[in-house]
Amino acid sequence: MDRKPEGLSYRGVNEDIINFMTKTGPKYYLVLGFFILCSVFLYLLPWIHQIYTGQGVTGLNVPVVWGVYLVNFVFWVGVAHAGTLISAMLYITETPWRRAIARSAETMTLLALIVVAFFVFIHMGRPWNFYWTFPYPNQRKIWTSFQSPIMYDVFAIGTYFTSSLVFLYFGMIPDFASLSQSTTGWRKSFYKAMSLGWRGTDRQWHLQAKASMFFASFIMPLVVSVHSIVSWDFALSIVPGYAQTVFAPYFVTGALLSGFAAVILALTVLRWTFPMMKKYILIHHYDRIGLFILVLALTWSYLTGMEIITGYFANTSDEIQHITYKILTYPYSWLFAFMIFCNTILPLVLISGKVRRSEKLMFFLCIFIIIGMWLERYLIIPNSESRKFLPYMWHSYTPTWVEMSITVGALMVFISLFMIIIKIFPVISIFEIKEDVGVPMKKEGH
Amino acid sequence: MESALGLFDYVDELANAAEKMKSAGYYVEVFSPVPLGHELEPILGKQNNPIKYATFFGGVSGFCFGMVLCLGTIAMYPLARGGRMLWAIPPPLLISYETTILLGVLFTLAGFVLFAGLPATKEHLTPEVSVDSFGLYVQGIRRGGFNEVEKILTEYGAKEVKKVEE
Amino acid sequence: MSGIMQKIQERLQSYRVPGYYKKYDYRWTMVIDLDKCNGCQACVVACYAENNLQTVGKDNCGIARNMSWIRIEKYYEGEYPDIKVKFIPIMCQHCDKAPCEIGCPVFATYHNQDGLNTQVYNRCVGTFTCATYCPYDVRRFNWFTYKRDKPLDQQYNPDVTVREMGVMEKGTFCIQRIRAAKDKAKDEKRPIKDGDVTPACVQACPTGAMTFGDLYDPNSRVAKLAKDPRRFYLLEEKNCGPNVIYLKRVMKDGSKA
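The rules behind each value
Sequence order sets the numbering: in each chain, residues are counted from 1 along the sequence as written. To read the labels, note that chains go from A and ligands from 1, taken in the order they are written. Reporting in this predicted model follows two pLDDT cut-offs: at least 70 for local features of residues, and 80 or more for side-chain atom pairs to be given and counted; totals over whole chains, interfaces and linings ignore these cut-offs and use all residues. By convention in this description, side-chain values take in all heavy atoms of the structure and omit both hydrogens and water. By definition, any uninterrupted DSSP run of H or I lasting at least four residues is a helix, any uninterrupted run of E lasting at least two residues is a strand, and each is numbered from the N terminus. Atoms counted for the radius of gyration: C-alpha only. Globule rule: 2.2 Å times the number of residues to the power 0.38. In what follows, a contact means two residues having at least one pair of non-hydrogen atoms within 4.5 Å. Residue-level accessible areas treat just the shown protein chains as cover; the underlying method is Shrake-Rupley with a 1.4 Å probe. Among buried residues, those of type Ala, Val, Leu, Ile, Met, Phe, Trp, Tyr and Cys that are joined through side-chain atoms within 4.5 Å constitute a nonpolar core. Categorising residues by exposure relies on relative accessible area from a 1.4 Å probe, with only protein chains included: less than 20% of the type maximum marks a residue as buried, more than 50% marks it as exposed, and the intermediate range marks it as partly exposed. To estimate how far a helix should extend, the number of its residues minus one is multiplied by 1.5 Å. The quantity called bend is, for any residue, the angle between two axes fitted respectively to the seven residues ending at it and the seven beginning at it. N or O atoms closer than or at 3.5 Å make up a polar contact, with two conditions inside protein: a donor-capable atom paired with an acceptor-capable one, and, for residues adjacent in sequence, both atoms drawn from side chains. Buried area, as used here, totals the accessible surface that two parts lose on assembly, with accessibility defined by a 1.4 Å probe and the loss added over both. Each reported salt bridge corresponds to a side-chain nitrogen of Lys or Arg within 4 Å of a carboxyl oxygen of Asp or Glu. For this classification, the nonpolar set comprises Ala, Val, Leu, Ile, Met, Phe, Trp, Tyr, Cys and Pro, the charged set comprises Asp, Glu, Lys and Arg, and every other residue, Gly included, is treated as polar. Domain segmentation is taken from an automatic or database assignment of domains. Only a pair of cysteine sulfur atoms within 2.5 Å counts as a disulfide in this structure description.

Caption draft 1: Here's a closer look at the overall build of chain A. Of the regular secondary structure elements, chain A holds 15 helices and zero strands. Its C-alpha atoms give chain A a radius of gyration of 23 Å, near enough to 22 Å, the size a compact globule of 446 residues would have. Projected onto the principal axes, the alpha-carbon positions of chain A cover approximately 80 × 60 × 40 Å. Long-range pairs, those at least 24 residues apart, make up 80% of the contacts in chain A between residues at least 6 apart in sequence. Split by element, the accessible area of chain A, about 16,400 Å² in all, is 71% carbon and sulfur.

Caption draft 2: Fine view of the nonpolar core. By size, the foremost hydrophobic cluster in this structure holds 231 residues, and its most contacted members are Trp66 and Trp76 of chain A, Phe112 of chain B together with Met30 and Met210 of chain C. No other element matches helix α3 (residues 68-92) of chain A, which puts 17 residues into this core. Residue contacts for Met210 of chain C: discarding those within four places in its chain leaves Met30, Val31, Ile32, Cys43, Ile70, Met91, Cys201, Val202 and Cys205 of chain C. With 27 residues, the next largest nonpolar core counts Met441 of chain A together with Ala15, Ala18 and Phe146 of chain B among its residues.

Caption draft 3: Looking closely at helix α5 (residues 149-182) of chain A. Residues and elements named next belong to chain A. Across its 34 residues, α5 extends 49 Å between first and last C-alpha, which sits within 8% of the 50 Å expected from 1.5 Å per residue. Maximum bend of α5: about 40 degrees, positioned at Ile173, with proline Pro174 one to four residues after it. Where burial is concerned, most of α5 is hidden: 26 out of the 34 residues are buried. One side-chain oxygen of the residue at the start of α5 lies 3.1 Å from the amide nitrogen of Ile150, identifying that residue as Ser148.

Caption draft 4: Main features of the interface of chain B and chain A. Across the contact, 65 residues belong to chain B and 56 residues belong to chain A. Buried area between chain B and chain A, both sides added, is near 5,700 Å², and the carbon and sulfur share of it is 67%. Contact with chain A buries area across many residues of chain B, yet Gln47, Glu98 and Phe112 of chain B alone supply 10% of it, more than any other trio. Where chain B packs against chain A, one counts one salt bridge. Note that Asp132 of chain B and Arg11 of chain A form a salt bridge whose closest N and O atoms lie 3.0 Å from each other. Viewed at the interface, chain A and chain B are joined by 14 residue pairs in polar contact (both at pLDDT 80 or more). Of all the elements in the fold, those that place two or more residues in the side of chain B that touches chain A are α1 (11-23), β2 (27-31), α2 (37-44), α3 (51-76) and α4 (90-115) of chain B. The leading source of residues in the side of chain B that touches chain A is α4 of chain B, at 17 residues. In the side of chain B that touches chain A, the residues fall into 40 nonpolar, twelve polar and 13 charged.

Caption draft 5: A look at the domain arrangement of chain B. According to the domain assignment, chain B consists of domain 1 (2-33 + 132-164) and domain 2 (51-115). Between the C-alpha centres of domain 1 of chain B and domain 2 of chain B the distance comes to 48 Å.

Caption draft 6: Looking closely at the environment of Trp143 of chain C. Its place among the elements puts Trp143 of chain C in the loop between β6 (140-141) and β7 (168-169). With 83 residues separating them along the chain, Trp143 of chain C and Asn60 of chain C place their C-alpha atoms 9.5 Å apart. The contacts of Trp143 of chain C, once residues within four sequence positions are left out, are Thr53, Gly54, Gln55, Gly56, Leu60, Asn61, Val62 and Val65 of chain A together with Arg65, Phe128 and Met165 of chain C.

Caption draft 7: Just the interface of chain C and chain B, in detail. Opposite the 18 residues of chain C that make contact, chain B presents 15 residues. Carbon and sulfur atoms make up 65% of the area that chain C and chain B hide from each other, which totals about 1,600 Å². Among the residues chain C hides against chain B, the three largest losses belong to Tyr15, Arg16 and Phe107 of chain C. Together they make up 40% of the total. Linking chain C to chain B there are zero salt bridges. Elements represented by at least two residues in the side of chain C that touches chain B include exactly α1 (2-15), α4 (99-103) and β4 (109-111) of chain C. If one sorts the elements of the side of chain C that touches chain B by residue count, α1 of chain C sits on top with three residues.

Caption draft 8: Spotlight on the side chain of Asn129 of chain A. Tracing the backbone through its elements, the reader meets Asn129 of chain A in the loop between α4 (98-123) and α5. A residue is classified by how much of its surface remains accessible, and Asn129 of chain A, at 6% relative accessible area, is buried.

Caption draft 9: Region of the structure containing the state of the cysteines. Residues and elements named next belong to chain A. Under the criterion given, the structure shown has zero disulfides over all chains. Looking at Cys342, it has no disulfide partner, and the nearest cysteine sulfur is the one in Cys366, 12 Å off. Overall, the relative accessible area of 0% leaves Cys366 in the buried class.

As structure tokens, this is what we get:
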């Protein structure tokens, strides 16, 4: 059926990608300018305001010191996950449909990680000292504390960012070589420099395949470890609602769920904006990712149930108090119900193949999943801190306009970066699509 | 010495020509826009994979680096915190898990760049081989033997044969 | 040679000892007799004056951003005419196994040789991890740059840092007074005697509910009070090893009087 891109030739693929990158209309620049403007006003200026005035512009208070910024941090790490999973896990298993979408998903990973890093700095009290968390010999004569879960984060996310960058760049080397032959001007010299003089000899291709396999095998366990470690920021504390042993698999599952939803959103926007993409991003991809989302949503629902039931079974006063606050108190009861609707009930429609094969339905479904997954983090992070042990110190938390503006602004930053990146780097892997097209043979039937 | 580059449209023709050239004692190299390992391995023979040593070295050194970083820095400047042991077991393991991957990835990249002969300043012999043609690069032709090679390549289906002076 | 090897071996073994310091020089402990506490808040005021705590104003107090290092928690029992109020002063408990110290990535909070849980303001980057991990919620954050109006800025205690925006702070058991007492004792070539150190809250307590001293000294007042059958630790089940002992008489029916 429509499992492989059809009607493509080797030359056609090259031309398509080059046209996609070089033929940019004024409309595109207008939209990009709009998003950059939004990033400046919604993200940069509020952040400068916050640095200048202090963390007091947020709604944080003493028991609730981790608010929306941490929610966004966890959320964007989650968005990053699906890209790596598609490019690494499906590479190892040699799943053919990954080829057309792996590059765009991997690009999303990298950009999401940039957003993540900035959320760490935004959330810090003294962000101008952020480099103090990096382990290097320094004149302060002090190293970092390697027992701290925050330090695990620095290593996990640093490694994740570096490995994703390496893997992404490495996969692009043959494409750069191909592009440098067919472009002119600054692009030609840029791509030539980036291709490192790749010539596509049999020896180079052989080493390329081997190294890809090594990268994929390294990155696979890394993906799982990164979100586990993010979850241990919370799970290694003694706060009721944080101290859950189920958190590592729970967070990884949730990350993949929101990540795949984000991939669908990005692919759909690409398809709607650039009709050329319809040749590459197929309904078949929606079908497969839809199945992934269905399975992950069910796993997520199971783990959500486990999280609550284990707390309920423990039957200590602080756990009961936390659960009551999280799922039975207005307005969190409504948010909890909406989260369950988004992430458990709605994804059940994916059982139907018709839904999975409809890009519009998938698009709106994924918007709901993204909102639901953001709510999940919101319900865990500030709400657990609202109900710690001493009732005198129970305080609630409401985000302020600065926090909400930076939250929306981060999305704008992400979109702006994505719009710039896809015009400079090949968002569809040229040589892998050519592999998909097949090797030309004179004799039929090989 | 002279070299010849034959451009092919079809891989099976190229494979046959490569087999012929190889048996005639020439050194052959294939340029292609896509990986052809599956098609060419029976002809050009199995290739070794030196990257694995770089990867292994990177992984091991990454693990050691993580361990030394965690245990060494605290030994240099002992600061008690949280009533835990200075040399606790799980944190160094966790950190070295990440550094194993980090250095493993970086060494794999370095190994790939090194063994694939990158970065190179050599020009592409012809732009087509990075788009839609397959090039068979025959090296080690004796002076005056080019015409013979050209004839064989054309016979096997090359659409164009270029003479490359070295 | 064997001497060096033995030294190295001892050193290596010491790293596997929880807390690294085999024995702290002192073990500062506070004992608070809740039966004596009348909730007058004098300790809170004294702490504000001694430790340069900033006043944050009505609005910020309303959203739980007051900077008090010590607070009197009030719990009410019953309805108006027949009402009982219970007080418990809570400050940093200087836990032996402090969860906040584990959270900090930059060693801004660690254990010093006295067994005190210290906060180094200059190292703090403000990740909030310590405040999250603290089960007693005693850590306070500098949300803004606070300034005192004239002439109150003349009232700062010169022995204590004025904290800048973006760092975490918390009760110190008046570490500057401990420091001064140590210096004095060193000049007189003697160890610190019981009663040399009095934190501001203890000094201000009108009912004498609070006692401060070294638990390692068997003759100190805290060591004697620590043997009191009324003793309990706050949130002992969280296993943080707090160093503040509370005394409270418990009635026969299990309620605390």
